[in-house]
Amino acid sequence: MPVNKNAMTHYKIFDELLSNRYHNYSLDDLTDEVNIRLAKMDPASSGVVR
């Protein structure tokens, strides 16, 4: 199984987060939020690493 099997899901989440003009996310905030959302969708996912 490829490492980036959820690439489109990651891109969609990043797009939602970065399109919010009223919140400035740091890189750590982005990875934390993506990991939280991926865990809600698929608890067995390994998440995103830097």
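The text that follows walks through the structure, step by step, so that each part is easy to find. For every chain, the first residue of the written sequence is number 1, and numbering continues from 1 onward in sequence order. For this predicted model, a pLDDT threshold of at least 70 governs which residues receive local features, and a threshold of 80 or more governs which side-chain atom pairs are given and counted, while totals over whole chains, interfaces and linings are taken from all residues. Each side-chain value is derived from all of the structure's non-hydrogen atoms; neither hydrogens nor water enter the calculation.

**Examining the environment of aspartate 28**
Helix and strand definitions follow DSSP, with helices as H or I runs of at least four residues and strands as E runs of at least two, each counted in order from the N terminus. As for its placement among the helices and strands, aspartate 28 is situated in helix 2 (residues 27-41). The spatial distance from the C-alpha of aspartate 28 to the C-alpha of valine 49 is 9.7 Å, given a sequence separation of 21 residues.

**Description of helix 2**
Expected helix span is taken as 1.5 Å per residue step, with the number of steps being one fewer than the number of residues. Compared with an ideal rise of 1.5 Å per residue, which puts 15 residues at 21 Å, helix 2 spans 21 Å between its outermost C-alpha atoms and is within 8% of the ideal. Throughout this description, buried means an accessible area under 20% of the type-specific maximum (1.4 Å probe, protein chains only), exposed means over 50%, and partly exposed covers the range between. Considered for burial, the residues of helix 2 that qualify are Leu30, Thr31, Val34 and Leu38. One face of helix 2 carries all of its buried residues, which in axial projection span an arc of 95 degrees. Each direction from the helix axis to a C-beta atom contributes to the arc, which is the arc of those directions.

**Digging into the nonpolar core**
Side-chain atoms within 4.5 Å are what join buried Ala, Val, Leu, Ile, Met, Phe, Trp, Tyr and Cys residues into a set we call a nonpolar core. Grouped together as the largest cluster of nonpolar side chains are 6 residues: Ile13, Leu17, Leu30, Val34, Leu38 and Val48. Of all elements in the fold, only helix 1 (7-18) and helix 2 reach the threshold of two or more residues within this core. Examining the composition of this core, we find that 3 residues originate from one element, helix 2, more than from any other. Those residues in contact with leucine 17 that lie beyond four places of it in its chain are Tyr25, Leu30, Glu33, Val34 and Arg37. The contact definition used throughout considers only heavy atoms, calling two residues in contact when any of these lie within 4.5 Å.

**Section: the packing of helix 1 against helix 2**
Where helix 1 meets helix 2, the axes come as close as 10 Å, and the angle between the chain directions of the two elements is 130 degrees. Considering the angle they form, helix 1 stands oblique to helix 2. In this structure, helix 1 crosses over helix 2, and the sense of that crossing is right-handed. Where helix 1 abuts helix 2, its residues Thr9, His10, Ile13, Phe14, Glu16, Leu17 and Leu18 lie against Leu30, Glu33, Val34, Arg37, Leu38 and Met41. When the residues that make up the contact of helix 1 with helix 2 are grouped by side-chain class, the tally is 8 nonpolar, 2 polar and 3 charged. Axis geometry follows a simple rule: fit a line to the C-alpha atoms, using only the stretch in contact for helices, then measure angles between N-to-C directions, giving values from 0 to 180 degrees. Any angle between 65 and 115 degrees counts as roughly perpendicular, while under 35 counts as roughly parallel, over 145 as roughly antiparallel, and the rest as oblique. If you view the pair so one helix is near and one far, a crossing is left-handed when the near helix is turned anticlockwise from the far one by less than a right angle, and right-handed when it is turned clockwise. In this classification, the charged set is Asp, Glu, Lys and Arg, the nonpolar set is Ala, Val, Leu, Ile, Met, Phe, Trp, Tyr, Cys and Pro, and all remaining amino acids, among them Gly, are polar.

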